[in-house]
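Chain by chain, the residues:
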Amino acid sequence: MVDLPHRPRSRNGAGLPAITVEQIVDSAVRLTAERGLENWTLRQLAAEIGASPAVVYHHVGDREAVVALVLERVILEVETPPETLPWREWFSTMLDNHRRVLRSYPGTAYRLAMYGPPVEAAAVTIDLGVRLLQEAGFGAESVLAYNVLMSTACQYIAMQDNPGRGRSNSPFYLPYREREDLPGMAAVGHLVARLSSSPEALAGFHDEVFRYATERCLDGLERRLAELAG
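Let me begin by describing the structure that accompanies this report.

Here we come to a nonpolar patch on the surface. A cluster of nonpolar residues, Y110, M114 and Y115, forms a patch on the protein surface that exposes about 390 Å² of accessible area. Mapped onto the fold, Y115 is located in helix 6 (residues 108–115).

Written out as structure tokens, the structure is:
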């Protein structure tokens with residue numbers, strides 16, 4: 001009987017360094033930045049770290065468990081403004097900070113808009129934001145106000161994450177540019193034509209829409225605060 005060579009059962013037995021949770025999350029964050037949160041598989045992640053999917057599952061869990069850790073890491077990258085700022089300036093800065101970070105990790109904004117942030121990673125920031133609203137005078141509406149601002153920002157960030165996914169209706173607006181009987185549609189057609197002229201124009205439009213949406217939300221909350229004070 002011929003003895004077959006013994007096959008190592010572990011990375012240690014093969015002379016390879018052990019895989020850590022931090023390595024797994026580092027690679028998942030990198031894949032998210034390169035491909036988007038929904039565009040990599042557990043198998044691809046395992047290949048990045050030179051291991052099998054079973055190793056990832058053993059250390060972290062299934063793909064959703066990995067995604068949760070990616071979201072934690074991304075949220076921790078967002079700088080929290082100082083609490084000495086007035087509530088409106090604090091939120092305006094905070095929303096801009098979110099956009100700057102989340103745009104670097106496509107798909108994360110959609111997850112945050114739909115399900116909210118990982119609680120432990122975001123707890124200090126949420127506490128501060130709600131507390132500033134309470135101190136400003138929003139009272140029992142403070143939590144609602146916080147959620148409206150954050151979810152609105154994340155929705156508009158998510159809109160820019162996958163511009164090439166799905167069929168665009170933009171070309172169908174262009175013929176309306178000359179419709180004098182539909183001046184509103186004509187205005188939309190001219191805007192679409194301008195945005196179609198260059199990627200820079202479209203990127204600038206997304207910046208403008210994000211700013212408009214968040215500032216109008218803040219305007220509405222400021223008016224509501226005046227009503228509550230009255």
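This next bit is on the pattern of salt bridges. Applying the stated criterion to the full structure yields 17 salt bridges. Put simply, R63 and E38 hold a salt bridge, and the shortest N to O gap is 3.9 Å. Within this pair, whereas R63 is found in helix 4 (residues 63–77), its partner E38 is found in the loop between helix 1 (21–35) and helix 2 (42–49), the two being separated by 25 residues in sequence. Judged by relative accessible area, which is 41%, E38 ranks as partly exposed. Residue D219 pairs with R88 through a salt bridge whose shortest N-O separation is 2.8 Å. With D219 in helix 11 (residues 199–229) and R88 in helix 5 (residues 87–102), the pair connects residues that are 131 residues apart, well separated along the chain.

Take the packing of helix 5 against helix 11 next. The geometry of a pair of packed helices is captured by two quantities: the angle between their axes and the separation between those axes. Contact pair helix 5 / helix 11: the axes reach a minimum separation of 11 Å and the direction vectors enclose 155 degrees. Taken together, helix 5 and helix 11 sit at an angle that is classed as roughly antiparallel. Note on packing geometry: the crossing formed by helix 5 with helix 11 is right-handed. Of helix 11, the residues touching helix 5 (which contributes W87, R88, F91, S92, L95, D96 and R99) are H206, D207, F210, R211, T214, E215, L218, D219, L221, E222 and L225. By residue class, the composition of the contact of helix 5 with helix 11 is seven nonpolar, three polar and eight charged.

Below, the discussion takes up the packing of aromatic side chains. According to the stated counting rule, one finds three aromatic pairs in the structure shown. Aromatic side chains W90 and F91 sit 4.8 Å apart centroid to centroid with 75 degrees between the ring planes, which places their arrangement in the edge-to-face category. By the burial criterion, W90 is buried, and F91 matches it. Consider the rings of F91 and Y146, whose centres lie 5.8 Å apart with planes at 70 degrees: the pair is edge-to-face. Taken together, the residues F91 in helix 5 and Y146 in helix 8 (residues 142–159) connect sequence positions 55 residues apart. This pair shows no difference in class: F91 is buried, exactly as Y146 is. An aromatic cluster is built from W90, F91 and Y146, whose rings are joined through pairwise contacts. A cation sits over an aromatic face here: R63 above W40, 4.1 Å from the ring centre. The cationic tip of R216 hangs over the ring face of Y212; the distance from NZ or CZ to the ring centre is 5.0 Å.

Here we take up the state of the cysteines. According to the stated counting rule, one finds zero disulfides in the structure shown. The thiol sulfur of C154 is not disulfide-bonded, and the nearest other cysteine sulfur, from C217, lies at 12 Å. Using a relative accessible area of 5% as the deciding quantity, one classes C154 as buried.

Moving on, we come to the side chain of T32. Along the chain, T32 falls in helix 1. A relative accessible area of 0% means that T32 is categorised as buried. Reaching out from T32, the side chain makes a polar contact with the backbone oxygen of A28 at a distance of 2.8 Å. Setting aside anything within four residues of it in sequence, one finds T32 in contact with L37, W40, V70, Y105, P106 and T108.

Take helix 1 next. A rise of 1.5 Å per residue sets the reference length of helix 1, with its 15 residues, at 21 Å; its end C-alpha atoms lie 21 Å apart and thus fit the reference within 8%. Of all the residues in helix 1, the buried ones are I24, V25, S27, A28, V29, L31 and T32. At its buried positions, helix 1 is contacted by helix 2, helix 3 (53–59), helix 4 and helix 6. Directly beyond the C-terminal end of helix 1, a positive phi value near 105 degrees is found at G36.

This part is about the side chain of S27. When you line up the elements, S27 lands in helix 1. Each residue touching S27, except ones within four places of it in the same chain, is listed here: L45, E48 and I49.

Right, let's get into helix 11. Relative to the 45 Å expected for 31 residues at 1.5 Å per residue, helix 11 spans 45 Å between its end C-alpha atoms, a close match to the ideal helical length. Among all positions in helix 11, only A201, H206, F210, A213, T214, E215, L218, L221 and L225 are buried.

Cut-offs used in this document
- The residue numbering used here restarts from 1 in each chain and proceeds along that chain's sequence as written.
- Thresholds applied to this predicted model are a pLDDT of at least 70 for local features of residues and 80 or more for the giving and counting of side-chain atom pairs; totals over whole chains, interfaces and linings are not thresholded and use all residues.
- Hydrogens and waters are ignored; side-chain quantities use all the structure's heavy atoms.
- Patches here: salt-bridge-free residues with over 30% relative accessible area, like charges joined within 9 Å, nonpolar side chains (Val, Leu, Ile, Met, Phe, Trp, Tyr) joined within 5 Å.
- In short, Shrake-Rupley with a 1.4 Å probe defines the accessible areas, and a residue's cover is counted only from the protein chains shown.
- Just to be clear on terms, a salt bridge is a Lys or Arg side-chain nitrogen sitting within 4 Å of an Asp or Glu carboxyl oxygen.
- Only DSSP runs of H or I with at least four residues qualify as helices, and only runs of E with at least two residues qualify as strands; both kinds are numbered from the N terminus onward.
- Burial classes follow relative accessibility: with a 1.4 Å probe on protein chains only, a residue under 20% of its type's maximum area counts as buried, one over 50% as exposed, and anything between as partly exposed.
- Here an angle of 0 to 180 degrees is reported between the N-to-C directions of two axes, which are lines fitted to C-alpha atoms, with helices fitted over the stretch in contact.
- If an angle is under 35 degrees, it is roughly parallel; if it is over 145, roughly antiparallel; if it lies from 65 to 115, roughly perpendicular; otherwise it is oblique.
- When the near helix sits turned anticlockwise from the far one by under a right angle, the crossing is termed left-handed; a clockwise turn instead gives a right-handed crossing.
- Only heavy atoms matter for contacts: two residues are in contact if any of them lie within 4.5 Å across the pair.
- In this classification, the charged set is Asp, Glu, Lys and Arg, the nonpolar set is Ala, Val, Leu, Ile, Met, Phe, Trp, Tyr, Cys and Pro, and all remaining amino acids, among them Gly, are polar.
- What counts as a ring pair is set by centres within 6.5 Å for rings of Phe, Tyr and Trp (its six-membered ring), and what kind of pair is set by the plane angle: stacked under 30 degrees, edge-to-face over 60, tilted for all other angles.
- Charge-over-ring contacts are defined here by two conditions on Lys NZ or Arg CZ: a distance within 6 Å of the ring centre and an angle within 35 degrees of the ring normal.
- Here, a disulfide means two cysteine sulfur atoms that sit within 2.5 Å of each other.
- In protein, a polar contact means a hydrogen-donor-capable atom and an acceptor-capable atom, both N or O and within 3.5 Å, with residues adjacent in sequence counting only if both atoms are side-chain atoms; elsewhere, any N or O pair within 3.5 Å suffices.
- Working rule for helices: expected span equals 1.5 Å times residues minus one.

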